[in-house]
Amino acid sequence: MDLKCSHIDTPLGTMWLAASAQGLAGAWFEGQKHQPDVSRWPLDPENPHLQQASAELQAYFSGQRTSFQVPLAAAWGTPFQQAVWKALQRIRAGRTTSYGQLAAQLKRPMASRAVGAAVGKNPWSVIVPCHRVVGAQGALTGYAGGLDRKVALLQLEGALL
């Protein structure tokens, strides 16, 4: 897949965006776990998907948007991971769910660890809201972008006071 990239500054640090002709392939905080090497993709800030993602993220961080419309185009991921990422998109802003609840929704109630691994590899940080997944009894567990960012995102959305 022919990917182009750009970056934006957010209140939580620089985010790198990657897109193909079909849509946004990824959005990562700089230094995030599982972030691909974006240096191999040419910068293209004029790419319409990158521009749309940038504008929507800026609106999100300023409190003017709670969901995203930019088309997504998976460039990687197993069918199971992609099913988990699709399920993440159904978690509305201001809400959280647990890894176990997500596994049950996917009709794989014993797969909460596999769900957790797939959540951690979500390539669309913030846009596909993996930060809205918490541990049992609401425990704030890991986030590939850093636990401090997860807390900040949940506070921005009103899910944490």
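Each value, and the rule that gives it
Residues numbered from 1 in each chain as written. Predicted model: local features only at pLDDT ≥ 70, side-chain atom pairs only at ≥ 80, totals over all residues. Heavy atoms only, no water. Phe/Tyr/Trp six-rings, centres within 6.5 Å; stacked < 30°, edge-to-face > 60°. Helix = DSSP H or I, 4+ residues; strand = E, 2+ residues; numbered from the N terminus. Buried < 20%, exposed > 50% of the residue type's maximum accessible area, 1.4 Å probe, protein only. Arc of directions from axis to C-beta. Salt bridge = Lys/Arg side-chain N within 4 Å of Asp/Glu carboxyl O. Pairing = 2+ DSSP bridges. Axes fitted to C-alpha atoms, helices over the stretch in contact; angles between N-to-C directions. Lys, Arg positive; Asp, Glu negative; His and termini not counted. Contact = heavy atoms within 4.5 Å.

*Asks:* It is not clear to me how the packing of aromatic side chains should be interpreted in this structure. Could you clarify?
*Replies:* Where two aromatic rings form a pair, the distance of their centres and the angle of their planes describe that pair. Evaluation of the coordinates by the stated rule reveals six aromatic pairs. Residues W41 and W76 carry aromatic rings whose centres are separated by 6.3 Å and whose planes lie at 10° to one another, so their mutual orientation is stacked. Of this pair, W41 sits in the loop between β3 (24-29) and α1 (48-61) while W76 sits in the loop between α1 and α2 (79-88), and the two are 35 residues apart along the sequence. W76 gets classed as partly exposed once you look at its relative accessible area, which sits at 29%. Each member of the aromatic cluster is reached from another via a ring pair, and the members are W28, W41 and W76.

*Asks:* Looking at this structure, I do not really get α2. What am I missing?
*Replies:* Think of an α-helix as 3.6 residues a turn; residues three or four steps apart then line up on the same face. Inspection of α2 places Q81, V84, W85, A87 and L88 among the buried residues, and these make up the whole buried set. The arc that holds every buried residue of α2, seen down its axis, measures 160°, which confines them to one face. Turned more than 90 degrees from where α2 packs its buried face, P79 and K86 sit exposed.

*Asks:* Is there a simple way to explain the pattern of salt bridges in this structure?
*Replies:* Pairs can form between side chains of opposite charge once their charged atoms are near each other. Tallying each qualifying case throughout the model produces two salt bridges. Across the pair K4 and D2 runs a salt bridge whose closest N-O atoms are separated by 3.5 Å. Judged by relative accessible area, which is 24%, K4 ranks as partly exposed. In this structure, R132 and E157 form a salt bridge, with 2.8 Å as the shortest nitrogen-oxygen distance. Within this pair, whereas R132 is found in the loop between α4 (112-120) and β5 (133-134), its partner E157 is found in the segment after α5 (147-156), the two being separated by 25 residues in sequence. R132 sits in the buried class, given a relative accessible area of 4%.

*Asks:* How should I be thinking about the sheet that holds strand β1 (residues 4-10) in this particular structure?
*Replies:* Adjacent strands of a sheet form backbone hydrogen bonds with each other and so pair up, either parallel or antiparallel. Across the sheet, which stays open at both edges, the three strands sit in the order β1-β2-β3 with antiparallel pairing between neighbours. Sheet topology places β1 and β3 at the edges, where each strand pairs with a single neighbour. The average angle at which neighbouring strand axes cross in this sheet is 20°, direction not considered. In this structure, strand β2 (residues 13-19) lies alongside β3, joined through five bridges in antiparallel fashion. Bridge pairing in β3 places A18 opposite G26.

*Asks:* Mind showing me how you'd approach unusual backbone geometry here?
*Replies:* Both trends apply: most residues other than glycine have a negative phi, and most peptide bonds are in trans. Phi angles above zero are rare outside glycine, and K107 is one such case at about 60°. Relative to the helices and strands, K107 resides in the loop between α3 (99-105) and α4. In the Ramachandran plot, Q137 falls in the positive-phi region, its phi being about 55° despite a non-glycine side chain. With respect to the helices, strands and loops of the structure, Q137 is situated in the loop between β5 and α5.

*Asks:* Please explain the side chain of E56 as it appears in this structure.
*Replies:* On the secondary structure map, E56 appears in helix α1. Despite its burial, E56 remains without a salt bridge, the nearest opposite charge being carried by R65 at 4.1 Å. Ignoring any residue separated from it by four or fewer positions in sequence, one finds E56 in contact with R65, F68, Q69 and V70.

All we've got here are geometric facts, nothing functional implied.
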